[in-house]
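Here are the chains, one letter per residue:
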Amino acid sequence: MKMNILYAICAMAVLVACSAPYQAQKSVWTVKEVQESFNKDSAKKYNTNCILYRGTDSLSHYFLSQFTDKWVFLSIKKSELSITEEKPYKVDSVVKLGYYYVDPNNHFVKTRDFN
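These figures come from a predicted structure and were not determined experimentally. (Residues numbered from 1 in each chain as written. Predicted model: local features only at pLDDT ≥ 70, side-chain atom pairs only at ≥ 80, totals over all residues. Heavy atoms only, no water.)

Draft legend 1. How the structure looks around the side chain of Thr56. Counting through the fold element by element, Thr56 comes out in strand E1 (residues 51-56). Only 2.7 Å separates the side chain of Thr56 from the side chain of His61, close enough to count as a polar contact. Those residues in contact with Thr56 that lie beyond four places of it in its chain are His61, Lys78, Glu86, Lys87, Pro88 and Tyr89. (Helix = DSSP H or I, 4+ residues; strand = E, 2+ residues; numbered from the N terminus. Polar contact = N/O pair within 3.5 Å; in protein donor to acceptor, adjacent residues only side chain to side chain. Contact = heavy atoms within 4.5 Å.)

Listed below in structure tokens is the structure:
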């Protein structure tokens, strides 16, 4: 009986420890927020940051970025941002992660293809 209580306490402690640092990831971003995060991350010497354009649907443009060491899925409302080379946004396991990399400081213009 005492061992069961000990196991239950240990299990709860592990559960709390694992869930404590979790924060819900922001999904809808503004152009300014993306630019600020990109520039803040770009100032660091270990920067690996790129912003990958993933496509557009009727409401938003979708991107994927790695700010410092965390992958972030971004969406920006179409009313806030105009993309010249729009591609369809598909959530499918057979579709690659995105189409091309963009520069958020230059109106999200394509910088290079994603291979």
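Draft legend 2. Focus on the nonpolar core. Of all hydrophobic cores here, the largest spans 17 residues; its most connected members are Phe63 and Phe108. Mapped onto this core, the elements with two or more residues apiece are helix H2 (31-42), E1, strand E2 (60-67), strand E3 (70-77) and strand E4 (100-103). The residues contacting Phe63, other than those within four sequence positions of it, are Ile51, Leu52, Tyr53, Arg54, Val72, Phe73, Leu74, Ile76, Leu81, Ile83, Val102 and Phe108. (Core = buried A, V, L, I, M, F, W, Y, C linked by side-chain atoms within 4.5 Å. Buried < 20%, exposed > 50% of the residue type's maximum accessible area, 1.4 Å probe, protein only.)

Draft legend 3. Quick look at the confidence of the model for the protein chain. Per-residue confidence for the protein chain gives a mean pLDDT of 79; residues scoring 70 or more make up 68%. Ranking the helices and strands of the protein chain by mean pLDDT puts E1 first, with 93, and helix H1 (residues 2-19) last, with 60. (pLDDT = per-residue confidence, 0-100.)

Draft legend 4. Representation of the sheet that holds E3 within the structure. In space, the five strands of this open sheet follow the order E3-E2-E1-E4-E5, with antiparallel pairing throughout. One side of each edge strand has no neighbouring strand; the edge strands of this open sheet are E3 and strand E5 (109-113). For this sheet, the mean inter-axis angle between neighbouring strands, taken without regard to orientation, is 40°. The pairing of E4 with E5 spans four bridges and is antiparallel. Residue Tyr101 lies in a different strand from E5, and its bridge partner there is Arg112. (Pairing = 2+ DSSP bridges. Axes fitted to C-alpha atoms, helices over the stretch in contact; angles between N-to-C directions.)

Draft legend 5. Focus on the side chain of Arg54. Position of Arg54 among the secondary structure elements: in strand E1. The buried charged residue Arg54 lacks any salt bridge partner; its closest oppositely charged side chain belongs to Asp57, at an N-O distance of 10 Å. Here the side chain of Arg54 touches Leu97 through a polar contact of 3.0 Å, landing on its backbone oxygen. With sequence-adjacent residues up to four places away left out, Arg54 is seen in contact with Tyr62, Phe63, Leu64, Phe73, Pro88, Tyr89, Leu97, Gly98 and Tyr99. (Lys, Arg positive; Asp, Glu negative; His and termini not counted. Salt bridge = Lys/Arg side-chain N within 4 Å of Asp/Glu carboxyl O.)

Draft legend 6. Just H2, in detail. Over its twelve residues, H2 runs 16 Å from end to end, which matches the ideal 16 Å to within 8%, given 1.5 Å per residue. Restricting attention to buried positions, one finds in H2 the residues Val31, Val34, Phe38 and Asp41. Here the buried residues of H2 occupy an arc of 105° about the axis, which is enough to place them on one side. Along H2, the residues that are exposed and aim more than 90 degrees away from the buried face are Lys32 and Lys40. The inward-facing, buried residues of H2 abut E1, E2 and E3. (Expected span 1.5 Å × (residues − 1). Arc of directions from axis to C-beta.)

Draft legend 7. Broad picture of the environment of Pro88. By the secondary structure assignment, Pro88 is in the loop between E3 and E4. Taking the C-alpha atoms as reference points, Pro88 and Ser58, 30 residues apart in sequence, are found 9.5 Å from one another. For Pro88, the residues in contact, after removing those within four places along its chain, are Arg54, Gly55, Thr56 and Tyr99.

Draft legend 8. Looking closely at the environment of Glu80. Note on placement: Glu80 falls in the loop between E3 and E4. Each C-alpha atom, one on Glu80 and one on Val31, is 7.3 Å from the other, the two residues being 49 residues apart in sequence. Here Val31 takes part through its backbone nitrogen, which lies 2.7 Å from a polar atom of the side chain of Glu80.

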